[in-house]
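# Structure at a glance
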Amino acid sequence: MPEPAAALPDLDPVIHGKLRLALLSLLAGVEQAEFTWLKQKTSSTDGNLGAHLLKLEEAGYVSVEKKFVSRKPVTLYAMTSAGREALANYVAALKALLGGALV
Amino acid sequence: MVETNSFESPAQREASEQLALIESMIREGRKSTSYWGWNFVLWGVAYLVATAGSSFLTSRAAIWAWPVTMTLTGIATAVIARWRNQGEPQTTRSRAITGIWMGCGLGIFVFAFPLVLAGRFGDGHTFMGGIEVLLGAAHIASGATLRWRLQGAVGVLWWTAAVVTETTQYSLYLLIAFLAATMICNIGFGIYLMVLESRDKARLRAGQVAHA
């Protein structure tokens, strides 16, 4: 007899959005990333990407560093330890939800 | 890996999709350490030019074929790499690989330049063999770091060429070993990497994250 269908547990709303989840996952694999690189990898627009990164920054999940490289302004994003923990908790919650369905 | 067709609820399906997205993005971030196929091809061509120069130029000019070609190629590599890798994020792995190749490049420079300046190019056995050993070591170290057997095999090929170079009595065999290794390990391997790069970019364009 099949078990009752599971509902999504209380997932972190800050990273539940597809783009924010993608951004945090991208940043998990690198030390720092430029805005333009994140834009290219997610195929997002400047405004959309900026808004979502701001939400991650406000939640303390990413840190921002602005500097000049060859006299051009560059914005660098990095995942914070809080962001890493939030992503780990999020993955754990997803895996708990999936339970035996994971192969 | 997550199987997506055996879930009982929409929530589970969504969760599996989220996990797949996380996996793919982390993988994308880790591997996007830029592509270096062009660099292997560039250096392969440089070795051929330097070998041709040292073989066919007059003896005085031939001495400078290697140092001049290598220096110019080093400068070209720095300029092109800076241009191509703009905006690429750094990872621990990318820094390790860069360190390996910087060590190899500088090692070749420190090894070969004094030999040339001191006029001890000789019959080329030591000179070419030394370069082949260093290139083989860099490929094997890089292959081990990336857990990539193909690159390890490329390193073994360079070392095979080094053994031939150091043991053969014939200059022709020395030349054949070096040219064969250059064609396979630099130009062939570089072209293969460039093909992988274009495939990866096409795949990325096809499966980019939708705007959320």
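Residues numbered from 1 in each chain as written. Chains lettered and ligands numbered in written order. Predicted model: local features only at pLDDT ≥ 70, side-chain atom pairs only at ≥ 80, totals over all residues. Heavy atoms only, no water.

### Notes on the packing of helix 4 (residues 92–117) of chain B against helix 5 (residues 125–146) of chain B
Residues and elements named next belong to chain B. To keep things clear, this is the line we draw: To obtain an axis, a line is fitted to C-alpha atoms, over the contacting stretch when the element is a helix, and the angle between two such axes runs from 0 to 180 degrees between their N-to-C directions. Secondary structure follows DSSP: runs of H or I at least 4 residues long count as helices, runs of E at least 2 residues long count as strands, and numbering of each begins at the N terminus. Any angle from 65 to 115 degrees is called roughly perpendicular, while one under 35 is roughly parallel, one over 145 is roughly antiparallel, and all others are oblique. Any two residues whose heavy atoms approach within 4.5 Å at even a single point are treated as in contact. Residues are grouped as follows: Ala, Val, Leu, Ile, Met, Phe, Trp, Tyr, Cys and Pro are nonpolar; Asp, Glu, Lys and Arg are charged; all remaining types, including Gly, are polar.
Contact pair helix 4 / helix 5: the axes reach a minimum separation of 10 Å and the direction vectors enclose 175°. Judged by the angle between their axes, helix 4 and helix 5 are roughly antiparallel. Contact residues: helix 4 offers Arg-93, Ala-96, Ile-97, Ile-100, Trp-101, Cys-104, Gly-107, Ile-108, Phe-111, Ala-112, Leu-115 and Val-116, while helix 5 offers Thr-126, Phe-127, Gly-130, Ile-131, Leu-134, Leu-135, Ala-138, His-139, Ala-141, Ser-142, Thr-145 and Leu-146. Class assignment of the residues belonging to the contact of helix 4 with helix 5 gives a composition of 17 nonpolar, six polar and one charged.

### A short note on the side chain of A:Glu34
To keep it simple, the criterion reads: Each residue is assigned to one of three classes by its accessible area relative to the maximum for its type, calculated with a 1.4 Å probe on protein chains only: buried under 20%, partly exposed between the two thresholds, exposed over 50%. Positive residues here are Lys and Arg, negative ones are Asp and Glu, while His and the chain termini are left out of the count. Should a side-chain nitrogen of Lys or Arg be within 4 Å of a carboxyl oxygen of Asp or Glu, the pair is scored as a salt bridge.
Residue position: A:Glu34 is located in strand 1 (residues 33–34). Of the buried charged residues, A:Glu34 lacks a salt bridge, with A:Lys67 as the closest side chain of opposite charge at 7.7 Å.

### Some thoughts on the pattern of salt bridges
Residues and elements named next belong to chain A. Here the structure, examined in full by the defined rule, presents three salt bridges over all chains. In this structure, Asp-46 engages Lys-39 in a salt bridge whose closest nitrogen and oxygen atoms are separated by 2.9 Å. Asp-46 gets classed as partly exposed once you look at its relative accessible area, which sits at 44%. Given a relative accessible area of 31%, Lys-39 falls into the partly exposed group.

### Here's the deal with the nonpolar core
Under the convention used in this document: The definition of a nonpolar core used throughout is a set of buried Ala, Val, Leu, Ile, Met, Phe, Trp, Tyr and Cys residues joined through side-chain atoms within 4.5 Å.
Membership of the largest hydrophobic core comes to 36 residues, with the highest contact counts inside it found for A:Leu24, A:Leu27, A:Leu38, A:Leu53 and A:Leu56. Where this core is concerned, the elements lending two or more residues are helix 2 (18–28), helix 3 (35–42), helix 4 (46–58), strand 3 (72–79) and helix 5 (81–98) of chain A together with helix 1 (10–31) of chain B. Dropping the residues within four chain positions of it, A:Leu53 is found in contact with A:Leu23, A:Phe35, A:Leu38, A:Val62 and A:Tyr77.

### A look at the pairing of strand 3 of chain A
Residue and element names in this part refer to chain A. We count it as follows: Two strands make a pair as long as DSSP finds a minimum of two bridges between them.
Burial runs high along strand 3: six of the eight residues are buried. The pairing of strand 1 with strand 3 spans two bridges and is antiparallel. Looking across to strand 3, one finds that Glu-34 is bridged to Leu-76. Pairing between strand 2 (residues 62–69) and strand 3: eight bridges, direction antiparallel. Considered in strand 3, the bridge of Val-69 is made with Lys-72. Joining the antiparallel neighbours strand 2 and strand 3 is a turn of two residues, in which Ser-70 adopts a positive phi near 50°.

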